[in-house]
Amino acid sequence: VTFAAHGANALVLKTEGAVQDRSLRTARFLWKTVLALLVVVTFESWHVRPELFSGMTHKPMAWLGLIGVIGGMSAAFAALQRKRELLAVMGSSAFIAGLMIAGAASVFPIMLHSTLAPENSISAYQHAAAGHGLAIALVWWPVSLIFAVGYFVFIYRHYTGKVKASADTQSPY
Amino acid sequence: MIEIWYAILSFMLVMFVVLEGLDIGAGILQYVVGKTDAERRLVIAAIGPLWSWHEVWLVGFGGVLFVSFPTILAVSFAGFYLALFLLLWALVLRGVSIEVSGHLADPLWRTAWHVVFVASNVLLAILIGAALGNVVRGVPLGADGKFTLAFFTDFSL
């Protein structure tokens, strides 16, 4: 449902006319559903792993994620009401990123939790690659990231604005 | 060092889910917001130049996981074997449906590929959601560092 709401925001941004109108109506409905489901999923997560929520209080990154969740959802709601298309997409992106950052910060250092016995869980500290390899990888990774981010910026600037079916790059018709 | 690589790994996954989420969501809604064939093509045009690029972040995530936490890669890929294959199938079918549907003049075939497009996006959303849910909930990991589930999750609490 969250992906559908996020995608509806993207369609509001990229399209116009009847498709945009329907996407806007759908986005407004779906974000209300996401809000309701967020409460349910948060309660379920607390029921399954209560220690994640208690551990959150000691982790600044988890707080950053929570700010993203609350700020992103607020921005998405406000932007859809005022039809501020780009802000709506930024808001839904911040919401999803916030959820994931809060989750990643909460579970750390346990990367794969065992439901059978806590001692079977896989920890990042015990199962990371050798330190020398990680140090070398820190040299090549920023280079790769520069290429990835550079192309990311280029492609988004190149394809900015509204789309038309005739400009569909995946289809000749 | 380990914290840095965990942060890098999380960053790659966040980028993939946020960007791919746009494509998956738009794909799920293709028949909701597109009532005519031209409108449905408009939905594909909206994600057309970007969807394949967004998948690069998944490749990057896999590469970082392989380099930094190879044990977790091995254990999770073995345990989530069927789910990962379904994910690959959904990604392949989504790509094929985008490419092929516009090249067919026959309305029946074009509709069939549009349905495949929507179905693969729905499947992707379910699989990614279930994978993230399993990470939070945990898996039946034994002392030997292995686990298997009947499907890939039992969806229970």
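Residues numbered from 1 in each chain as written. Chains lettered and ligands numbered in written order. Predicted model: local features only at pLDDT ≥ 70, side-chain atom pairs only at ≥ 80, totals over all residues. Heavy atoms only, no water.

### Some words on the overall build of chain B
Right, so step 1: Counting secondary structure elements, chain B contains eight helices and zero strands.
Right, so step 2: Counting from the amino terminus, helix and strand elements in chain B follow one another as α-α-α-α-α-α-α-α.
Right, so step 3: In terms of overall dimensions, chain B has C-alpha extents of about 55 × 35 × 25 Å along its principal axes.
Right, so step 4: Within chain B, the fraction of its 157 residues that count as buried is 54%.
Right, so step 5: Expressed as a percentage of contacts within chain B between residues at least 6 apart in sequence, the contacts between residues at least 24 apart total 70%.
Right, so step 6: Taken as a whole, chain B presents about 6,500 Å² of accessible surface, with 78% of it coming from carbon and sulfur. (Helix = DSSP H or I, 4+ residues; strand = E, 2+ residues; numbered from the N terminus. Buried < 20%, exposed > 50% of the residue type's maximum accessible area, 1.4 Å probe, protein only. Contact = heavy atoms within 4.5 Å. Areas by Shrake-Rupley, 256 points an atom, 1.4 Å probe, with all protein chains shown as cover.)

### Quick look at the interface of chain A and chain B
The parts lose accessible area when they come together, and the size of an interface is often stated as this lost area.
Right, so step 1: Across the contact, 66 residues belong to chain A and 72 residues belong to chain B.
Right, so step 2: Taken together, both faces of the contact between chain A and chain B bury some 6,100 Å²; the carbon and sulfur share is 77%.
Right, so step 3: Linking chain A with chain B are one salt bridge.
Right, so step 4: Residue Glu39(B) pairs with Arg22(A) through a salt bridge whose shortest N-O separation is 2.8 Å.
Right, so step 5: At the level of secondary structure, the elements contributing two or more residues to the side of chain A that touches chain B comprise α1 (2-14), α2 (18-48), α5 (85-107), β1 (110-112), α6 (124-127) and α7 (131-158) of chain A.
Right, so step 6: Residues of the side of chain A that touches chain B, tallied by class, amount to 43 nonpolar, 16 polar and seven charged. (Buried area = accessible area lost by both parts, 1.4 Å probe. Salt bridge = Lys/Arg side-chain N within 4 Å of Asp/Glu carboxyl O. Nonpolar A, V, L, I, M, F, W, Y, C, P; charged D, E, K, R; others polar.)

### Description of the environment of Trp46(A)
Right, so step 1: Positionally, Trp46(A) belongs in helix α2.
Right, so step 2: Sequence separation between Trp46(A) and Met90(A) is 44 residues; the distance between their C-alpha atoms is 28 Å.

### Here's the deal with the layout of surface pockets
Right, so step 1: Here the second largest pocket defines a volume of roughly 650 Å³.
Right, so step 2: Lining the second largest pocket are 25 residues; nearest its centre among them are Leu13(A), Leu86(A), Val89(A), Tyr156(A) and Leu22(B).
Right, so step 3: Of the residues that constitute the lining of the second largest pocket, the class distribution is 17 nonpolar, four polar and four charged. (1 Å grid on protein atoms, 1.4 Å probe; cavity = no way out; pocket = protein on both sides within 12 Å on 5 of 7 lines; lining within 4 Å. Points joined across faces, edges and corners; volume = space filled by probe spheres on them.)

### Observations concerning the confidence of the model for chain B
Detailed reading of the predicted coordinates is not advisable wherever pLDDT falls low.
Residues and elements named next belong to chain B.
Right, so step 1: Confidence along chain B averages 85 in pLDDT terms, with 94% of residues attaining 70 or more.
Right, so step 2: Here helix α4 (residues 51-54) stands out as the least confident element of chain B, with mean pLDDT 81; helix α1 (residues 2-28) is the most confident, with 90.
Right, so step 3: Reported confidence for the predicted complex is 0.87 by ipTM and 0.86 by pTM. (pLDDT = per-residue confidence, 0-100.)

### Observations concerning the nonpolar core
Right, so step 1: Trp31(A), Phe95(A), Trp5(B), Trp57(B) and Phe69(B) are the most contacted members of the largest nonpolar core, which has 84 residues in total.
Right, so step 2: Of all the elements, α1(B) adds the most residues to this core, at 14 residues.
Right, so step 3: For Trp5(B), the residues in contact, after removing those within four places along its chain, are Leu134(A), Ala137(A), Leu138(A), Trp141(A), Val64(B), Ser68(B) and Phe69(B). (Core = buried A, V, L, I, M, F, W, Y, C linked by side-chain atoms within 4.5 Å.)

### Section: a nonpolar patch on the surface
Right, so step 1: Judged by side-chain polarity, Val1(A), Leu37(A), Val40(A) and Val41(A) come together as a nonpolar surface patch covering roughly 310 Å² of accessible area.
Right, so step 2: In this fold, Val40(A) is placed in helix α2. (Patch = residues over 30% accessible without salt bridge, like charges linked within 9 Å, V, L, I, M, F, W, Y side chains within 5 Å.)

### So, α7(A)
For the α-helix, the turn length of 3.6 residues means that residues three or four positions removed from each other point alike.
Right, so step 1: In a regular helix each residue adds 1.5 Å, so 28 residues correspond to 40 Å; α7(A) covers 40 Å between its end C-alpha atoms and thus fits that length.
Right, so step 2: Largest kink in α7(A): about 30°, centred on Leu138(A), with the proline Pro142(A) one to four residues after it.
Right, so step 3: Buried within α7(A) are the following residues: Leu134(A), Ala137(A), Trp141(A), Ala148(A) and Ile155(A).
Right, so step 4: Contacts made by the buried residues of α7(A) are with α1, α4 and α5 (56-68) of chain B. (Expected span 1.5 Å × (residues − 1). Bend = angle between axes of the 7 residues up to and from the residue.)

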